[in-house]
Amino acid sequence: MIQRIQSIYLILAALVSGVLVWVVDAYLNGDGNEFLGVDDSVYFGTFMVSAVLSIFAIFLFKNRQLQFVINRLNILINLILLGVFVYRALTWSGGTAVSEKGLGMFLPVLSIVLLALANKAIRKDEQLVKSADRLR
């Protein structure tokens, strides 16, 4: 289970969604205070759902098709979260001209990349199993 590369990618995606949200600031508010992802319950809940789905997908190593579908659902959740971040960044006063945005806004992008790499490795494993079944 853990020796597969997609498990490593899924662990990294869970760490990005579950741990870095506590550390990396998403943006600075008008008063100059840092805003973390845990400060808003919608962001925090979405990040935690993403982290739980990534960990859940690790234990689905025997059912690669379901693991692939769970990862796609997780990518969709991260795309929605990224869309919310972009929408809020563009509707703030000053728009994109003000450099108030933090690195936390790019956590969904990093998570999407890791989940896509995991899906690529899952697809590769599935093709390997199918080719071995053809030889039998």
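Residues numbered from 1 in each chain as written. Predicted model: local features only at pLDDT ≥ 70, side-chain atom pairs only at ≥ 80, totals over all residues. Heavy atoms only, no water.

Observations regarding a positive patch on the surface
- Residues Arg72, Lys120, Arg123 and Lys124 make up a contiguous surface patch of positive charge.
- With three residues, the top contributor of residues to the positive patch is helix H5 (residues 107–135).
- Structurally, the position occupied by Lys124 is in helix H5.
- Look at Lys124 and you get exposed, because its relative accessible area is 62%. (Patch = residues over 30% accessible without salt bridge, like charges linked within 9 Å, V, L, I, M, F, W, Y side chains within 5 Å. Areas by Shrake-Rupley, 256 points an atom, 1.4 Å probe, with all protein chains shown as cover. Salt bridge = Lys/Arg side-chain N within 4 Å of Asp/Glu carboxyl O. Lys, Arg positive; Asp, Glu negative; His and termini not counted. Charge placed at Lys NZ, Arg CZ, Asp CG, Glu CD. Helix = DSSP H or I, 4+ residues; strand = E, 2+ residues; numbered from the N terminus. Buried < 20%, exposed > 50% of the residue type's maximum accessible area, 1.4 Å probe, protein only.)

Quick notes on helix H1 (residues 5–18)
- For H1, spanning 14 residues, the distance from its first C-alpha to its last is 20 Å, which sits close to the expected 20 Å at 1.5 Å a residue.
- What H1 keeps buried is the set Gln6, Ser7, Leu10, Ala13, Ala14, Val16, Ser17 and Gly18. (Expected span 1.5 Å × (residues − 1).)

What about the packing of H1 against helix H3 (residues 41–58)?
- Their axes nearest at 8 Å, the elements H1 and H3 cross at an angle of 160°. Taken as axis vectors, H1 and H3 run roughly antiparallel relative to one another. Between H1 and H3 lies a crossing of left-handed hand. Where H1 approaches H3, its residues Ser7, Leu10, Ile11, Ala13, Ala14, Ser17 and Gly18 are matched on the opposing element by Phe47, Met48, Ser50, Ala51, Ser54, Ile55, Ala57 and Ile58. (Axes fitted to C-alpha atoms, helices over the stretch in contact; angles between N-to-C directions. Parallel < 35°, antiparallel > 145°, perpendicular 65-115°, else oblique. Left-handed = near helix turned anticlockwise from the far one by under 90°. Contact = heavy atoms within 4.5 Å.)

Purely spatial values, then, with no claim about function.
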